[in-house]
Amino acid sequence: MTSGSRHGGQHSEPTPRVRLVDVAREAGLSKTTVSAALNDTGRLSPAVREKARETARRMGYRPNATARQLRAGRAKLIGYVVGEAADAPSVFLESPYFARLTGATAATALRRGYALVLLPSGSLQSEWADLPLDAVVVTDPGADDRIVDDVLAAGIPVFSDRSVEGRQGAHWVDVDIDSAVRSVLDHFREQGARRPVLVVPDSTTRFHAEVFAAHREWCAEHGLPERVVRAGEPGNGPVVRAVETALAGGPVADGDPAAGGDRPGGGDRPDALLVVAEASPPLVLEAARRHGYDVPGDLLLVCVSEDATAEHTEPPVTTLSLRPEAIAEAGIDHLVKVLEHGSREPSGTLVPTRLDVRASSVRRHDQVVSGGSWPGPRRLA
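Residues numbered from 1 in each chain as written. Predicted model: local features only at pLDDT ≥ 70, side-chain atom pairs only at ≥ 80, totals over all residues. Heavy atoms only, no water.

Draft legend 1. Seen up close, the overall build of the chain. Of the regular secondary structure elements, the chain holds 13 helices and 14 strands. Looking at the chain as a whole, 48% of its 381 residues qualify as buried. Once local pairs closer than 6 in sequence are excluded, the contacts in the chain between residues at least 24 apart make up 67%. Surface accessibility of the chain: about 19000 Å² in total, with carbon and sulfur atoms responsible for 51%. (Helix = DSSP H or I, 4+ residues; strand = E, 2+ residues; numbered from the N terminus. Buried < 20%, exposed > 50% of the residue type's maximum accessible area, 1.4 Å probe, protein only. Contact = heavy atoms within 4.5 Å. Areas by Shrake-Rupley, 256 points an atom, 1.4 Å probe, with all protein chains shown as cover.)

Draft legend 2. Representation of the packing of aromatic side chains in the model. By the definition in use, this model includes one aromatic pair. Aromatic side chains Y97 and F98 sit 5.1 Å apart centroid to centroid with 65° between the ring planes, which places their arrangement in the edge-to-face category. Among the residues examined, Y97 registers a relative accessible area of 12% and is labelled buried. When the ring centre of Y114 is taken as origin, the NZ or CZ atom of K76, which lies over that ring, is 4.1 Å away. The lysine or arginine in question, R269, covers the ring of Y293, its NZ or CZ lying 4.0 Å from the ring centre. (Phe/Tyr/Trp six-rings, centres within 6.5 Å; stacked < 30°, edge-to-face > 60°. Lys NZ or Arg CZ within 6 Å of the ring centre and 35° of its normal.)

Draft legend 3. Just the packing of helix α2 (residues 31-38) against helix α3 (residues 46-59), in detail. Packing of α2 against α3 leaves a shortest axis separation of 9 Å and a crossing angle of 90°. Taken together, α2 and α3 sit at an angle that is classed as roughly perpendicular. On α3, the residues touching T33, V34, A36, A37 and L38 of α2 are V48, R49, A52, R53 and A56. Here the contact of α2 with α3 is built from residues that sort into seven nonpolar, one polar and two charged. (Axes fitted to C-alpha atoms, helices over the stretch in contact; angles between N-to-C directions. Parallel < 35°, antiparallel > 145°, perpendicular 65-115°, else oblique. Nonpolar A, V, L, I, M, F, W, Y, C, P; charged D, E, K, R; others polar.)

Draft legend 4. Highlighting helix α6 (residues 96-111). With 16 residues, α6 should cover 22 Å at 1.5 Å per step; its first-to-last C-alpha distance of 22 Å lies within 8% of that length. G113 sits one or two positions beyond α6 and adopts a positive phi of about 95°. (Expected span 1.5 Å × (residues − 1).)

Draft legend 5. Spatial organisation of the sheet that holds strand β3 (residues 77-82). Ordered by their spatial adjacency, six strands build an open sheet running β4-β3-β5-β6-β7-β13, and the pairing between neighbours is parallel. Two strands close off the open sheet at either side, each with one partner strand: β4 (115-118) and β13 (348-351). In this sheet, neighbouring strand axes are inclined to one another by 20° on average, regardless of whether the strands run parallel or antiparallel. Both strand β6 (residues 158-160) and strand β7 (residues 170-175) contribute to a ladder of three bridges, which runs parallel. Its bridge partner lying in β7, S160 is registered against W172. (Pairing = 2+ DSSP bridges.)

Draft legend 6. Quick look at the environment of A135. By the element assignment, A135 lies in strand β5 (residues 135-139). Of the residues examined, A135 reaches a relative accessible area of 0% and is grouped as buried. The contacts of A135, once residues within four sequence positions are left out, are L77, I78, G79, I156, P157, F159, L335 and L339.

Draft legend 7. Representation of the environment of E50 within the structure. For E50, the location among the structural elements is in helix α3. Judged by its relative accessible area of 46%, E50 is partly exposed. The sequence separation of E50 and L38 amounts to 12 residues, and the corresponding C-alpha distance is 9.2 Å.

Draft legend 8. View of unusual backbone geometry. For the peptide bond that leads from V295 to P296, omega is 10°, which places it in the cis range. As for its placement among the helices and strands, P296 is situated in the loop between α12 (281-290) and β11 (300-304). Cis rather than trans, the peptide bond between E314 and P315 has omega equal to 0°. Its location among the elements puts P315 in the loop between β11 and β12 (318-321).

Draft legend 9. Spotlight on the sheet that holds β12. The six strands lie next to each other as β9-β8-β10-β11-β12-β14, forming an open sheet whose pairing is mixed. Looking at which strands have only one partner, the edges of the open sheet turn out to be β9 (228-231) and β14 (354-356). This sheet shows a mean twist of 20° between the axes of neighbouring strands, independent of strand direction. Pairing of β12 with β14, which is carried by three bridges, proceeds in the antiparallel orientation. By the bridge assignment, T319 is partnered in β14 with D356.

Draft legend 10. Geometry of the side chain of H334. Tracing the sequence through the fold places H334 in helix α13 (residues 324-341). If sequence neighbours within four positions are ignored, H334 has contacts with F159, W172, V173, S347, G348 and T349.

Draft legend 11. Region of interest: the packing of α6 against α13. For the pair α6 and α13, the least separation of the axes is 8 Å and the interaxial angle reads 35°. In this structure, α6 meets α13 at a crossing whose hand is right-handed. Touching Y97, R100, L101, A104, T105, T108, A109 and R111 of α6 are P324, E325, I327, A328, E329 and I332, all from α13. Grouping the constituent residues of the contact of α6 with α13 by class yields eight nonpolar, two polar and four charged. (Left-handed = near helix turned anticlockwise from the far one by under 90°.)

Pasting the structure below:
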């Protein structure tokens, strides 16, 4: 697109930028009053403040961003990277969890005066070094992800998961995954399940490492074998295939080479399934039916998912929500404290998850909690 349109062989003149003084003149107010109204400062009546804002909106007034940056000493830009999707960026766009987390982070940041800049997963320093970033958010970095090290080396604050805890210039927000996994497994046990299977992605993120650890400890405490199937790749197809591996005959214990999700192991058919690898709940439910399971009669089902379709299946699927909106709110709150209030101490927040119990994980109909929030039992001291 050219810098100016042509009509009759002549360049059209650009539309003059609306100035603050123009808004003041149109509203019949002083420039100082209009400035205070737009910046939410000063002691103005609600009617005067609204008149100034409405006039500015109608006239298309935009503050001078360059001047604001010079005054604040910041560009008000936040880099945003989805570390887990480095090898499959298209899957990130299909993920209800990452879609909600990204949208909530962008909206929360914008309310605080910051804009989000999406950076490619696996970004090299040369790709973002020239951007005036005030901070970088790295969601679920892998164990060998370089971007956290590169951003911290550049003197830019990093906001990520608990894997960055204690590092200078790094701040974290994470979910209480130990309590979350235990709440699901305890729920299965209360419903009579004794052969639960865990379906997880083949991932090096801290989140999935903690899922493994919590599952392993719980199984040891209850004298049960670790039944684990890994999905080799993200996305509905690979995860559903991993679910089918789990359902076909029961996977072998975690640690055996046959537990990788490529082929079923021996053992009894599972009576409960916790699907941590993200997949569409209706597709998981359909896979169970193809393998002859009645849900919840033969198989209890819980999916870690933010997919709203889980509420509308038959039966409705129990979901463990990681509460992406709460994660975004806590992360941006840390960011503002660092950038605007000078906080320099490493900080972090642990966000509780939410287990929404529906019919897919409740065997007796009188225990169904339709659409309700069931916090689940917590780890005993």
